[in-house]
Amino acid sequence: MFIDTHCHIDSYEEHSGENFEALLARLKNDVGASAAAEPAVTMPEAFIHVACDPAGFEYAKNISEKHPFVYAAYGIHPEYVETETAEDEARLVEMLKHPRCVACGEFGLDYHYDKEHREQQLKLFERHLEIGIASGKPLVLHLREADDDALAVLREANLKNTTVHVHCFTGTADFVSKLLELDMNLFVGFTGIITFKNAPNVREAAALVPLDQLLLETDAPYMAPVPFRGTPCHSGYIPYVAHKLAEVKNVPVEELYRHCRENTRRCYGI
């Protein structure tokens, strides 16, 4: 069994035109074991839905209350650096207290599209770290093309005994090595990117992450794995990520699933 540790169900509905109930029905009817020799589109045991836009907090609350197998994480993505308000942060703090909330995030740094607001992003990242640490929840970090700044901030933060999920890892082996050296309870999530031909850096990084620090995720509806690349991604595609990750780690896929399921329990308590 597996859990998709990071997906955006509302965005999947928007991008695919398929509502969550229809997706669930379709996944439940799929035949095939995810640990078979070939991957099979398979229903996950549970979903962690990530609300990283304040406008989506209510959706996350409602869907996590409706389905016992859907959990929620709440954060504010760095793309909202220019629009985030004090009211948004106050709502975030309240949502982190919800009984179906399992994490604070995603938040962090993203210089891929926006280097112009680097200083603002850094200040926001530091503030969100304070909010997340105070909540006592695991932290879900979005770190894209901001390696040096991310490491500088994380080294200054008091993360001892704090659980951190660096999600959708897209960086280098050097970056992940430096993250692994930090004094925090680190997990690293890999998505369909690990199957892309043009992502050898991600596979090189995954090879360095210990089995007991790996997480499976999709970041759905983005970055569907090969052979579905270019279509809306959903949590049923996790087996394609798992098989490639098992290949990279040179372990049987059943062993990889066991480790990742236990890691999810240790990271998120589910």
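Refer to the structure printed above.
Thresholds applied
- Residues numbered from 1 in each chain as written.
- Predicted model: local features only at pLDDT ≥ 70, side-chain atom pairs only at ≥ 80, totals over all residues.
- Heavy atoms only, no water.
- Helix = DSSP H or I, 4+ residues; strand = E, 2+ residues; numbered from the N terminus.
- Expected span 1.5 Å × (residues − 1).
- Phe/Tyr/Trp six-rings, centres within 6.5 Å; stacked < 30°, edge-to-face > 60°.
- Buried < 20%, exposed > 50% of the residue type's maximum accessible area, 1.4 Å probe, protein only.
- Pairing = 2+ DSSP bridges.
- Axes fitted to C-alpha atoms, helices over the stretch in contact; angles between N-to-C directions.

Draft legend 1. Here's a closer look at helix α10 (residues 253–268). Given a rise of 1.5 Å per residue, 16 residues ought to cover 22 Å, and the 22 Å separating the end C-alpha atoms of α10 matches this to within 8%. Looking one or two residues past α10, G269 carries a phi angle of roughly 75 degrees, positive in sign.

Draft legend 2. Representation of the packing of aromatic side chains in the model. The tally for this structure, following the rule as stated, stands at 10 aromatic pairs. Measuring from ring centre to ring centre gives 5.5 Å for F57 and Y74, while their planes differ by 85 degrees; the resulting arrangement is edge-to-face. Taken together, the residues span a long stretch of sequence, with F57 in helix α3 (residues 57–66) and Y74 in strand β3 (residues 70–74) at a distance of 17 residues. One exposure class covers both F57 and Y74, and it is buried. Centroid distance F228 to Y240: 5.1 Å. Interplanar angle 90 degrees. Geometry classified as edge-to-face.

Draft legend 3. Structural context of the sheet that holds β3. The sheet built from eight strands is open, its strands ordered β1-β2-β3-β4-β5-β6-β7-β8 with parallel pairing. Of all strands in the sheet, those with a lone pairing partner are β1 (3–7) and β8 (214–216), marking the two edges. Ignoring which end each strand starts from, the neighbouring axes of this sheet average 30 degrees apart. Pairing geometry for β3 and strand β4 (residues 101–110), over three bridges, is parallel. Residue pairing across strands places Y74 opposite C104, the latter belonging to β4.

Draft legend 4. Representation of unusual backbone geometry in the model. Note the cis peptide between G105 and E106, where omega equals 15 degrees. Of note, E106 is situated in strand β4. The step from V226 to P227 runs through a cis peptide bond, and the omega angle for that step is 20 degrees. Take P227: it is sitting in the loop between β8 and α9 (238–249). Within the chain, E145 stands out as a residue other than glycine whose phi angle is a positive 55 degrees. Looking at where E145 falls in the secondary structure, it is placed in the loop between β5 (139–144) and α6 (147–156). Its relative accessible area of 44% is what places E145 among the partly exposed residues. Even without glycine at this site, M223 takes up a positive phi of about 55 degrees. Tracing the chain through its elements places M223 in the loop between β8 and α9.

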